[in-house]
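Breakdown of the fold
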Amino acid sequence: MPMQDLVQTFHDRFGILPPEGMLPTDPLRPFDGTAMLVGSEVAHAHGVALGQDEIGPFLRTAPEGYLLVGFWGHGVQSHAFYYVRVDAQSRVYFRLPHGGVYMDNERAAQRIRVFLTRYFAIEPVLRTRTTSFVAVDAMGEARYRLVGKDGTKVELDRSLLVDASFEERFAPVLPPLGPRDVS
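Reading the values: rules and limits
Sequence order as written defines the numbering, with residues in each chain counted from 1. Note on the predicted model: pLDDT of at least 70 is required for a residue's local features to be given, and 80 or more for side-chain atom pairs to be given and counted; whole-chain, interface and lining totals, by contrast, use all residues. Hydrogens and water are ignored here; the side-chain numbers use all heavy atoms of the structure. Each helix corresponds to a stretch of at least 4 residues labelled H or I by DSSP, and each strand to a stretch of at least 2 residues labelled E; elements are numbered beginning at the N terminus. Within these notes, the globule rule equals 2.2 Å times the number of residues to the 0.38 power, and the radius of gyration is based on C-alpha atoms. For every residue, the accessible area (1.4 Å probe, protein chains only) is compared with the maximum for its type, and the residue is labelled buried under 20%, exposed over 50%, or partly exposed between those bounds. Any pair of Phe, Tyr and Trp rings, taking the six-membered ring for Trp, is counted once the centres come within 6.5 Å. Such a pair is stacked with planes under 30 degrees apart, edge-to-face with planes over 60 apart, and tilted for the rest. The criterion is that NZ of a Lys, or CZ of an Arg, lies within 6 Å of the ring centre and within 35 degrees of the ring normal, and then a charge sits over that ring. In what follows, salt bridge is the name for a side-chain nitrogen of Lys or Arg lying within 4 Å of a carboxyl oxygen of Asp or Glu. Residue contacts are defined here by distance: any two heavy atoms, one from each residue, within 4.5 Å place the two residues in contact.

Looking now at the overall build of the protein chain. Scanning the protein chain from terminus to terminus reveals five helices and eight strands. Ordering the α and β elements of the protein chain from the N terminus gives α-β-β-α-α-β-β-β-α-β-β-β-α. For the protein chain, the C-alpha radius of gyration of 16 Å lies close to 16 Å, the compact-globule estimate for 183 residues. By its C-alpha atoms, the protein chain is 50 × 40 × 30 Å across when sized along the principal axes. Within the span of the protein chain, comprising 183 residues, buried residues form 44% of the whole.

Next comes the structure, spelled out in structure tokens:
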């Protein structure tokens, strides 16, 4: 599956193009046996981590350069959009529910659109203000761990998919917000 197919499916399902910074410029290769899941060469060599029970081992062992993105599911209800990445500063694992037969997929798409838009808007700031961060939001379970350059730590075990309040939750490691326009 070419990247343009993934981008088009992302747009068709969520009503936006992938946010800036989400997809690499290097091509990603499809995984055999999956309709719409692509990954970096590192992800192909390491293997996919698709289930809840695989998140812990992924966080401990996935090598830098790992990137997995796309749609995958099994059964009638366990379907999700995946964005999984490891780089020198961060480990990100998003498994966001979408596509199951009994899901309100329109509502799920709207939540994912807001979540990803807000996350990728704040990620460049996290990169300048933290030494490391872990962001896991997977089917209602979550784990966020940020370490600021000044040593400040933010730990959150609550999903942000429904409210996507990254700025509020990560405030201790973010620059102070300027005056807000209340008009």
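What follows is about the packing of aromatic side chains. Per the counting criterion, the structure on display carries 17 aromatic pairs. Judged by centre distance (5.6 Å) and plane angle (55°), the rings of Tyr 144 and Phe 170 are tilted. Here Tyr 144 is found in strand 7 (residues 141-148), whereas its partner Phe 170 is found in the segment after helix 5 (166-169), with 26 residues between them in sequence. You can call Phe 170 buried: its relative accessible area is 2%. These aromatic residues form a ring-pair network of at least three members: Tyr 83, Phe 94, Phe 115, Tyr 119, Phe 120, Tyr 144, Phe 166 and Phe 170. A cation over an aromatic ring shows up here: Arg 13 above the ring of Phe 71, its NZ or CZ 4.2 Å from the ring centre.

The next thing to look at is the pattern of salt bridges. Evaluated as defined, the whole model comprises seven salt bridges. Salt-bridge contacts for Arg 145 lead to Glu 155; the nearest nitrogen and oxygen are separated by 3.8 Å. Taken together, the residues Arg 145 in strand 7 and Glu 155 in strand 8 (residues 153-156) connect sequence positions 10 residues apart. Here Asp 157 ties to Arg 145 by a salt bridge, and the two come within 2.9 Å at their closest N and O atoms. With Asp 157 in the loop between strand 8 and helix 5 and Arg 145 in strand 7, this residue pair connects regions lying 12 residues apart in the sequence. We classify Asp 157 as exposed; its relative accessible area is 56%. By relative accessible area, Arg 145 is classed as partly exposed at 25%. Here the residues in one salt-bridge network are Arg 85, Asp 87, Glu 123 and Arg 127, joined through shared partners.

The next thing to look at is the environment of Leu 68. Looking at the element boundaries, Leu 68 is found in strand 3 (residues 67-74). Separated by 38 residues in sequence, Leu 68 and Pro 30 have C-alpha atoms that sit 9.5 Å apart. Those residues in contact with Leu 68 that sit more than four places away from it in its chain are Phe 31, Leu 37, Val 38, Gly 39, Val 48, Ala 49, Leu 50, Tyr 82, Tyr 83 and Val 84.

Read these as layout, nothing more, since geometry by itself doesn't imply function.
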